[in-house]
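# Descriptive structure summary
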Amino acid sequence: MTIARENGTYAMVAMDQRESLRTMFREHGHDDSDERVRMFKTAVARALAPLASGFLIEPDFVEDVRPFVPRGLIMAVDLLEQERGGIVEDTRLDEVERVPEGVAALKLLVIWRDDDRRSERIEMCERFVALAERHGVLSVLEPVVRGGDHEIVEAARELGATRPSLYKCQAPREGDVVTTCHKVTEVLPVPWVVLSQGVRRDEFPLAVENACKGGARGFLAGRALWTNTLEADDPTELLRTQSVPRLEELIEIVDRYA
């Protein structure tokens, strides 16, 4: 099983947002019911997964999206500490006893901080990598920092040492970002991709270009692909006419620079 394209690059879609997605629905005047969440996640999978090398979803919706994900199904195993309307404050590892058929990889979100719990996070990441190996699937590690580019590099140095199959990294934003991306590449013993959280939708193509110039192998993006469809009662048409071309554009960037 793989989540990479034939040329070794990655073009993956993230659709594992939970409370944050419900918040976005409310902000756009919609209800935040389980039914709407399921409808939206399924619509995104139907439109974008056929073009992607990987599709990320949480366990509750694996069965809903699996018919539309031809390859690279990734299941989140992070338990989020997040208040209604707030940001993710911390995470725990869901040590699942079984992995559904068709899942190629597991993903863990880690909130990295320079505090006295750094060793705990390293240990959790080690358990995560071991969990994926035990189930015979790949591991995708996603550390998120609350600071700047220095913290992005430090988190990569520290948590990348646990050797997941793939490292999912925030886009550097300060100064010479290509140089910072080179630093991320230098400290990581595994390949990495850039995520879209924290980057404006119209700025993400450049973020992918800069990351790939600095050694990234591609992207795992959510908001940069589908936030433009949130206002619609049915996102299907906007996904087809706007999100699909954006995904194709990002894939072309990866092919040019990764």
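In this report, we go over the structure that sits alongside the text. Nothing here was measured: the structure is a model prediction, and the numbers come from that model.

What counts, and at which threshold
- Residues numbered from 1 in each chain as written.
- Predicted model: local features only at pLDDT ≥ 70, side-chain atom pairs only at ≥ 80, totals over all residues.
- Heavy atoms only, no water.
- Pairing = 2+ DSSP bridges.
- Helix = DSSP H or I, 4+ residues; strand = E, 2+ residues; numbered from the N terminus.
- Axes fitted to C-alpha atoms, helices over the stretch in contact; angles between N-to-C directions.
- Contact = heavy atoms within 4.5 Å.
- 1 Å grid on protein atoms, 1.4 Å probe; cavity = no way out; pocket = protein on both sides within 12 Å on 5 of 7 lines; lining within 4 Å.
- Points joined across faces, edges and corners; volume = space filled by probe spheres on them.
- Nonpolar A, V, L, I, M, F, W, Y, C, P; charged D, E, K, R; others polar.
- Parallel < 35°, antiparallel > 145°, perpendicular 65-115°, else oblique.
- Left-handed = near helix turned anticlockwise from the far one by under 90°.
- Buried < 20%, exposed > 50% of the residue type's maximum accessible area, 1.4 Å probe, protein only.
- Salt bridge = Lys/Arg side-chain N within 4 Å of Asp/Glu carboxyl O.

### As for the sheet that holds strand β10 (residues 218–221)
Taken in spatial order, the eight strands of this closed barrel run β1-β2-β3-β6-β7-β8-β9-β10, and their pairing is parallel. Going across the sheet, the axis of each strand differs from the next one's by a mean of 25°, ignoring polarity. Where strand β8 (residues 166–169) meets strand β9 (residues 192–195), three bridges bridge the pair, whose relative direction is parallel. From the neighbouring strand, Tyr167 faces β9, where its bridge partner is Trp192. On top of the sheet, helix α7 (residues 204–213) reaches β9 and β10; it is set at about 160° to β9, its chief contact.

### Comments concerning the pairing of strand β5 (residues 88–93)
As paired elements, strand β4 (residues 78–82) and β5 share five bridges and run antiparallel to each other. Bridging across to β5, Glu81 finds its partner in Asp90. Between β4 and the antiparallel strand that follows it, β5, lie five residues; Gly85 among them carries a positive phi value of about 85°.

### Things to note about the layout of surface pockets
The space that makes up the largest pocket amounts to roughly 640 Å³. Considering the residues around the largest pocket, the lining is formed by 32 residues, among which Gln17, Ser20, Val88, Gln197 and Arg223 are closest to the centre. Elements represented by at least two residues in the lining of the largest pocket include exactly α1 (19–27), β4, β6 (103–112), β7 (138–145) and β10. With four residues, the top contributor of residues to the lining of the largest pocket is α1. Every residue lining the second largest pocket is counted, 17 residues in all, and those nearest its centre are Arg18, Glu58, Pro59, Asp60 and Phe61. Sorting the residues of the lining of the second largest pocket by element identifies α1, α2 (34–48) and β4 as the ones contributing at least two each. The residue inventory of the lining of the second largest pocket, partitioned by class, reads seven nonpolar, one polar and nine charged.

### A short note on the packing of α7 against helix α9 (residues 236–257)
Describing two packed helices takes the angle between their axes plus the distance from one axis to the other. Viewed as axis vectors pointing N to C, α7 and α9 meet at an angle of 20°, and their least axial separation amounts to 9 Å. In this view, α7 runs roughly parallel relative to α9, as classed from their interaxial angle. For the pair α7 and α9, the sense of crossing is right-handed. Residues Phe204, Pro205, Val208, Glu209, Cys212 and Lys213 of α7 form the contact with α9, whose participating residues are Arg246, Glu249, Leu250, Ile253, Val254 and Tyr257. Its residues placed into classes, the contact of α7 with α9 shows eight nonpolar, no polar and four charged.

### Re the pairing of strand β3 (residues 73–76)
Neither face of β3 is exposed, since Leu73 and Met75 on one face and Ile74 and Ala76 on the opposite face are all buried. Across three bridges, the pairing between strand β2 (residues 54–57) and β3 is parallel. By the bridge assignment for β3, Leu56 is matched with Ile74. Across four bridges, β3 lies against β6 in parallel orientation. Bridging across to β6, Leu73 finds its partner in Val103.

### Observations concerning helix α5 (residues 149–159)
Residues of α5 that are buried include every one of Asp149, Ile152, Val153, Ala155, Ala156, Glu158 and Leu159, and no others. Buried residues along α5 sit against β6, α4 (118–135), β7, β8 and α6 (177–187).

### Remarks on the pattern of salt bridges
In this structure the tally under the stated criterion is 31 salt bridges. Members of the salt-bridge network, linked through shared partners, are Asp16, Arg18, Asp78, Lys107, Glu142 and Lys168.

### Remarks on the environment of Glu203
Here Glu203 lies in the loop between β9 and α7. Separated by 49 residues in sequence, Glu203 and Glu252 have C-alpha atoms that sit 16 Å apart.

### A short note on unusual backbone geometry
Glycine aside, residues mostly have negative phi angles, and peptide bonds mostly take the trans form. Backbone geometry at Arg163 places phi at a positive 55°, although glycine is not the residue there. Structurally, Arg163 is set in the loop between α5 and β8.

### Some remarks on the environment of Leu80
Tracing the sequence through the fold places Leu80 in strand β4. Judged by relative accessible area, which is 25%, Leu80 ranks as partly exposed. The residues contacting Leu80, other than those within four sequence positions of it, are Arg18, Val88, Asp90, Thr91 and Leu109.

Read these as spatial facts, not as claims about activity.
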